[in-house]
Amino acid sequence: MDPALVFLALTSVLLLGSSRLTRCIRLVAFQGVLLAALTIAAHANEITLRVVMLAALILALKGAAFPWLLSRVLRGAEVRREIEPMVSYMLSMAAGTFGLVLSFWLSARLPLPTLPTSTLVVPVALFTTLVGLFLIVSRRTALMQVLAYLVLENGIYTFGVAVVEGMPMIVELGILLDVFVAVFVMGIAIFHINREFDHIDADQLTMLRDWTG
Amino acid sequence: MTEASIGSPLAALCLSPLLLGVIGRTKAIMAGRTGAPLLQPYRDVAKLLRKAAVYSRTTTWVFRAGPVVGLAAVLGATALIPLGGVPAACSFEGDLFLFAYLFGLLRFFAVVAALDTGSSFEGMGASREVAFAAIAEPVLLLALAAVARQVGSVSLTTMYAGVDASAWSGGFPTSALLAGALVVVFLAENARVPVDDPTTHLELTMIHEVMVLDHGGPDLAFILYGGAVKLWVLGALIVGLIVPVRSGNLWLDGAAAIAGMFGLAVVTGLIESSMARWRLVRVPQLLVGAGVLSVLALVLTLR
């Protein structure tokens, strides 16, 4: 499962450095595929129907449904790229390098109740979560923030898949459902923001106020 | 120093222009042309050496020293670089820093000589060269540090002798990450696409070419030959990693490494014919990306 984890970290770095939204959507979809592979790999010694179903569900939702939904929104919004991020792409990637070192340093000091399935899991999970947080605060377009939310969730899932042995399936399904509803609602919200204001720049929404006429 | 140790510098000195010829031929074939003969770079160097140099009255000795010091620096680097399993001509603990900073010396003199002409175009090229090198240099050092950490030595010959097939089997191959980072440094340092276009002659977009506009005759031959040797030496860093043939038989190891070098030249030609030069603002992103690869490789070897 080490290759999948390394690729997960690399896609996160690529997300920090890419401005084209379609490319970001594809990268997040690839992360979904990696998570499905990770689920299988984490339970490689006893592949049960439960594991296969969970992996298939992740693949269907994160690898196919979310990207499809978000590309539809993107087509409607007629925005091709993040206009002006608060932090430049190069600085973002430099911050990513720093975050990578930080998460490896932090995970070496983190006491865990159970031994993780791979020594890479915890640092990569922390790093992906950090990247998600960073993207949420540093990008302006609403769509990019939804993608960042998904990256954040991917990080948390990675942490769970390898550290917590045998999490009840109902919990995992519940989380997936929550994410699905969140992305769905956010997709609709972006669509409406775009129709109302002709842009999806979340930064400008701070200027909204009650109609005082 | 044994007889075997002159093999690596000798190969670098004799075969490096052929590497340029292979890149050119690959690009020509990809574009559907016949292309220049494979030995054309040798002929270019010979032609330039027969010519006389012309110096502008505004230049000083710095301008004349540039190509000579540059060539001396790369020739020094050939003595330090092992060719796969074939040891370098001389090696000592910490020679990788000397290796990295010989290129720093080469760049410094190329830049100073360009500034000495007082041409605004050359100044622009010099500024770009230094800006990109400032990012490429730490990437190179980090990547070498990762290899050094893997093998537990800070001498290039010992480092590359320790890289063997086992580097590709256990866990995730950090060698793949390192090779990715080093390929970007290789393209950037040698002014190839997507960082710089070696064939362009439009001053506004050039980086390396624009710095050598005022050199002519033997000076230009030195620069051309020095560039070819630099291509070979930096390529040897990558080939040493991705062709882990360490049989103990020097002829076999050397032949595998030389085959790897020409494979790398073909790959460079393919990269150059399949993509365009990137906008200048995006080049630092590419280099920082390579930096992430080498940092990741380093933390993977550290844990």
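Remember, predicted model here, so these are calculated numbers, not experimental data.

A word on the overall build of chain B. Along its length, chain B carries eleven helices and zero strands. In chain B, the order of α-helices and β-strands from amino to carboxyl end is α-α-α-α-α-α-α-α-α-α-α. Dimensions along the principal axes, computed over C-alpha positions, put chain B at roughly 60 × 45 × 40 Å. The buried share of chain B, reckoned over its 303 residues, is 50%. When contacts within chain B are restricted to residue pairs at least 6 apart in sequence, those whose partners lie at least 24 apart make up 79%.

Here the focus is the overall build of chain A. Regarding its fold elements, chain A presents seven helices and zero strands. Counting helices and strands in the order they occur from the N terminus, chain A gives α-α-α-α-α-α-α. Here the C-alpha atoms of chain A give a radius of gyration of 18 Å, agreeing with the 17 Å that 2.2 N^0.38 yields for 213 residues. Expressed as lengths along the three principal axes of its C-alpha atoms, the size of chain A is roughly 65 × 35 × 30 Å. Counting only residues that meet the buried cut, chain A has 39% of its 213 residues in that class. Nonlocal contacts in chain A, meaning residues at least 24 apart in sequence, comprise 77% of its contacts between residues at least 6 apart.

A few words on the interface of chain A and chain B. The interface is formed by 16 residues belonging to chain A together with twelve residues belonging to chain B. No other element matches helix H4 (residues 89–108) of chain A, which puts nine residues into the side of chain A that touches chain B. For the side of chain A that touches chain B, the residue count by class is eleven nonpolar, four polar and one charged.

All names here are of chain A. Along the polypeptide, Val 101 turns up in helix H4. A tally of 17 C-beta atoms within 10 Å means that Val 101 is categorised as partly exposed. In this structure the C-alpha to C-alpha distance between Val 101 and Phe 127, which are 26 residues apart in sequence, comes to 8.9 Å.

With that settled, the discussion passes to unusual backbone geometry. All names here are of chain B. Residue Val 193 is joined to Pro 194 through a cis peptide bond whose omega torsion reads 5°. Note on placement: Pro 194 falls in the loop between helix H7 (174–189) and helix H8 (208–211). Backbone geometry places Ala 191, a non-glycine residue, at a positive phi of 55°. Its place among the elements puts Ala 191 in the loop between H7 and H8. A tally of 21 C-beta atoms within 10 Å means that Ala 191 is categorised as buried.

The subject of this paragraph is the packing of helix H2 (residues 40–50) of chain B against helix H9 (residues 218–242) of chain B. All names here are of chain B. Here H2 crosses H9 at 155°, and the two axes come no closer than 7 Å. Between H2 and H9, the crossing angle belongs to the class labelled roughly antiparallel. The hand of the H2/H9 crossing is left-handed. When H2 is examined against H9, the residues Pro 41, Asp 44, Val 45, Leu 48 and Leu 49 are found in contact with a partner set consisting of Pro 218, Leu 220, Ala 221, Leu 224, Tyr 225 and Ala 228. Residue composition of the contact of H2 with H9, grouped by class: ten nonpolar, no polar and one charged.

Residue and element names in this part refer to chain B. With 20 residues, helix H3 (residues 61–80) extends 29 Å between its outermost C-alpha atoms, agreeing within 8% with the 28 Å of an ideal straight helix rising 1.5 Å per residue. Residue Pro 67 marks the point of greatest curvature in H3, where the axis turns by about 25°. Residues Phe 63, Gly 66, Pro 67, Gly 70, Leu 71, Ala 73, Val 74, Ala 77, Thr 78 and Leu 80 constitute the buried set of H3. Check the buried side of H3 and you find it contacts helix H1 (7–30), helix H4 (95–116), helix H6 (156–162) and H9.

As a further point, take the nonpolar core. Grouped together as the largest cluster of nonpolar side chains are 152 residues, with contacts concentrated most on Leu 143 and Leu 147 of chain A together with Val 139, Ala 143, Ala 181, Val 185 and Leu 287 of chain B. The element best represented in this core is H9 of chain B, accounting for 17 residues. Setting aside residues no more than four positions away along its own chain, Ala 143 of chain B makes contact with Leu 178, Ala 181, Leu 182, Ser 294 and Ala 297 of chain B.

Residues and elements named next belong to chain A. Between helix H3 (residues 49–77) and helix H7 (residues 169–197), the least distance of the axes is 10 Å, while the angle of their chain directions is 5°. Classified by the angle between their axes, H3 and H7 sit roughly parallel to one another. Facing H3, whose interface residues are Arg 50, Leu 54, Leu 57, Leu 61, Phe 66, Leu 69, Leu 70, Val 73, Gly 76 and Ala 77, H7 presents Met 169, Glu 172, Leu 176, Phe 180, Val 183, Phe 184, Gly 187, Ile 190, Phe 191 and Asn 194. For the contact of H3 with H7, the class distribution of residues is 15 nonpolar, three polar and two charged.

Let's shift gears to the confidence of the model for chain B. Residues and elements named next belong to chain B. Averaged over all residues, the pLDDT of chain B equals 88, while 96% of them reach at least 70. Across chain B, the element-wise mean pLDDT spans from 83 in H6 up to 94 in H2. Overall fold confidence (pTM) sits at 0.86, and the ipTM for the predicted complex is 0.79.

How each quantity is defined
Residues numbered from 1 in each chain as written. Chains lettered and ligands numbered in written order. Predicted model: local features only at pLDDT ≥ 70, side-chain atom pairs only at ≥ 80, totals over all residues. Helix = DSSP H or I, 4+ residues; strand = E, 2+ residues; numbered from the N terminus. Buried ≥ 20, exposed ≤ 12 C-beta atoms within 10 Å, placed from the backbone. Contact = placed C-beta atoms within 7 Å. Rg over C-alpha atoms; globule rule 2.2 N^0.38 Å. Nonpolar A, V, L, I, M, F, W, Y, C, P; charged D, E, K, R; others polar. Axes fitted to C-alpha atoms, helices over the stretch in contact; angles between N-to-C directions. Parallel < 35°, antiparallel > 145°, perpendicular 65-115°, else oblique. Left-handed = near helix turned anticlockwise from the far one by under 90°. Expected span 1.5 Å × (residues − 1). Bend = angle between axes of the 7 residues up to and from the residue. Core = buried A, V, L, I, M, F, W, Y, C linked by C-beta atoms within 7 Å. pLDDT = per-residue confidence, 0-100.

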